[in-house]
Amino acid sequence: LGAWKGQGTYRESADGESKPWTATMSFSKVLAGFAVQEDLVIDVGQGSPLVMRSVYGYDGEGARALVLAMSNDGNAHLMDWAFPQAGVMTVYGAAQTPMGISVGRSVVEFTKDSYRFRHEGCRDTGKFFTEVEGSFARAADATAKSAVNASFMDLPISAEMTALAKINGTYRVAGKMKMTAEAPEMAIAGVETITPLFGGHVIVSSVISDPDPMGQYFGQTYFSWNPTTSCYDVVGFDSMGMAGKMISRWSKPGAQLVNSASNVAMGNLNAMQMIVNLGEHG
């Protein structure tokens, strides 16, 4: 946790030349401490910085440590993380992208006031190579540069994310919920704020319940377009210890959005469907 400054090198291919980068980064607790948010701003010598956000969470019932990594170049991937030994963290995953199959692993080695890392990856049938490596040291403050909220090199926002942007705004939420089929209904109320991230490549929904003697609820959900599967990836974290993914599609373009998932909740296997009906103005 805290602020960091770093530097290192990166390569765009196994045979490519190494190029320098510098960065500022901040780690902070979110969702009442049930998740940790990393905001990273990297200067790679281009006209605009590469801005990344990663949210680390742990799904207690699914027993899976998840990290959602997003950036202002339009990429968003869900990966796993672990501490295979004391002081060393790995972040690993695979994804099918429009550019091919991508497999990656980051290894982060911590000391008291610094850490070093390397990220290795491969594309399709190519060989593994070190894509990025470097080190970070603690800094007095790194938050100012983390506020950048623009697309990398003015990359266009996809038509699908542009269509979803109608839901941006702040909403007063009131309704009812049942913890199980047999349980009585409970009233719920709060505020939901939906805002664009990275110029609109990603949309984030933040929910805060009204104060309650049982405790206040916090939730955060990220929407991104997955061109490989032609659906929205919806990844959420909350203060009940949930971390998980849904897929989302328009059943009626611009008017009805259907999200679906399967998971374990409160000891039960769940098949979940969430239907969102939108008015003319979202």
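Conventions used here
Residues numbered from 1 in each chain as written. Predicted model: local features only at pLDDT ≥ 70, side-chain atom pairs only at ≥ 80, totals over all residues. Heavy atoms only, no water. Helix = DSSP H or I, 4+ residues; strand = E, 2+ residues; numbered from the N terminus. Rg over C-alpha atoms; globule rule 2.2 N^0.38 Å. Buried < 20%, exposed > 50% of the residue type's maximum accessible area, 1.4 Å probe, protein only. Contact = heavy atoms within 4.5 Å. Areas by Shrake-Rupley, 256 points an atom, 1.4 Å probe, with all protein chains shown as cover. Salt bridge = Lys/Arg side-chain N within 4 Å of Asp/Glu carboxyl O. Core = buried A, V, L, I, M, F, W, Y, C linked by side-chain atoms within 4.5 Å. Patch = residues over 30% accessible without salt bridge, like charges linked within 9 Å, V, L, I, M, F, W, Y side chains within 5 Å. Phe/Tyr/Trp six-rings, centres within 6.5 Å; stacked < 30°, edge-to-face > 60°. Pairing = 2+ DSSP bridges. Axes fitted to C-alpha atoms, helices over the stretch in contact; angles between N-to-C directions.

Structural notes on the overall build of the protein chain
Move 1: The number of helices and strands found in the protein chain is one helix and 18 strands.
Move 2: Here the protein chain has a C-alpha radius of gyration of 20 Å; the compact-globule value for 282 residues is 19 Å, and the two agree.
Move 3: With respect to the principal axes defined by its C-alpha atoms, the protein chain has extents near 60 × 40 × 40 Å.
Move 4: Burial statistics for the protein chain: of 282 residues in total, 37% are counted as buried.
Move 5: Within the protein chain, counting contacts between residues at least 6 apart in sequence, those at least 24 apart form 35% of the total.
Move 6: A total accessible area of about 15,600 Å² is found for the protein chain, and carbon and sulfur atoms account for 57% of it.

Brief notes about the pattern of salt bridges
Move 1: Evaluation of the coordinates by the stated rule reveals 11 salt bridges.
Move 2: The partner of R138 in a salt bridge is D113, with the nearest N and O atoms 3.5 Å apart. You can see R138 sitting in strand β10 (residues 129-138) and its partner D113 sitting in the loop between β8 (100-110) and β9 (114-123), a full 25 residues away along the chain.
Move 3: Since its relative accessible area comes to 41%, D113 is described here as partly exposed.
Move 4: Here E131 and R123 are joined by a salt bridge, their closest N and O atoms 2.8 Å apart.
Move 5: By relative accessible area, which is 37% here, R123 ends up partly exposed.
Move 6: Put simply, R105, R118 and E120 are held in one network by salt bridges that share partners.

Notes on the nonpolar core
As a rule of thumb, nonpolar side chains are buried together in soluble globular proteins.
Move 1: Counting residues in hydrophobic clusters, the biggest one holds 21 residues, and the most contacted among them are W21, M25, I42, Y115 and F136.
Move 2: Among the secondary structure elements, those contributing two or more residues to this core are β1 (2-10), β2 (19-30), β3 (35-43), β4 (50-59), β5 (64-71), β7 (88-97) and β9.
Move 3: Per-element accounting of this core gives the leading share, four residues, to β2.
Move 4: For I42, the residues in contact, after removing those within four places along its chain, are W21, T22, A23, P49, L50 and M52.
Move 5: Within the second largest apolar cluster, 18 residues are counted, among which are V41, L66, V204 and Y222.

Quick word on a nonpolar patch on the surface
Move 1: A contiguous nonpolar patch, built from M177, M179, M186, I188, M240 and M266 and spanning about 520 Å² of accessible area, is present on the exposed surface.
Move 2: Turning to its location among the elements, M266 is positioned in the loop between β17 (256-265) and β18 (268-277).

Some points on the packing of aromatic side chains
Move 1: Here the structure, examined in full by the defined rule, presents 11 aromatic pairs.
Move 2: Seen in terms of ring centroids, F110 and Y115 are 5.5 Å apart; in terms of plane orientation they differ by 50°. Their pairing is tilted.
Move 3: We classify Y115 as buried; its relative accessible area is 8%.
Move 4: With a centroid separation of 5.3 Å and 20° between ring planes, the pair formed by Y115 and F136 is classed as stacked. Taken together, the residues span a long stretch of sequence, with Y115 in strand β9 and F136 in strand β10 at a distance of 21 residues. Taken individually, Y115 and F136 each receive the classification buried, so the pair is uniform in this respect.
Move 5: Aromatic rings pair up to connect W4, W21, F27, Y56, W81, F83, F110, Y115, F117 and F136 into one cluster.

A closer look at the sheet that holds β17
Strand-to-strand pairing in sheets goes through backbone hydrogen bonds, with the strands running parallel or antiparallel.
Move 1: If you trace the eight strands from one edge of the open sheet to the other, you get β11-β12-β13-β14-β15-β16-β17-β18, paired in antiparallel fashion. Both outer strands of the open sheet, β11 (169-177) and β18, are each paired with one neighbouring strand and no more. Neighbouring strand axes in the sheet, compared pairwise and without regard to direction, differ in orientation by 25° on average.
Move 2: Sheet topology places strand β16 (residues 243-252) next to β17; five bridges connect them, and they run antiparallel. Pairing of I247 across the sheet is with S260, part of β17.

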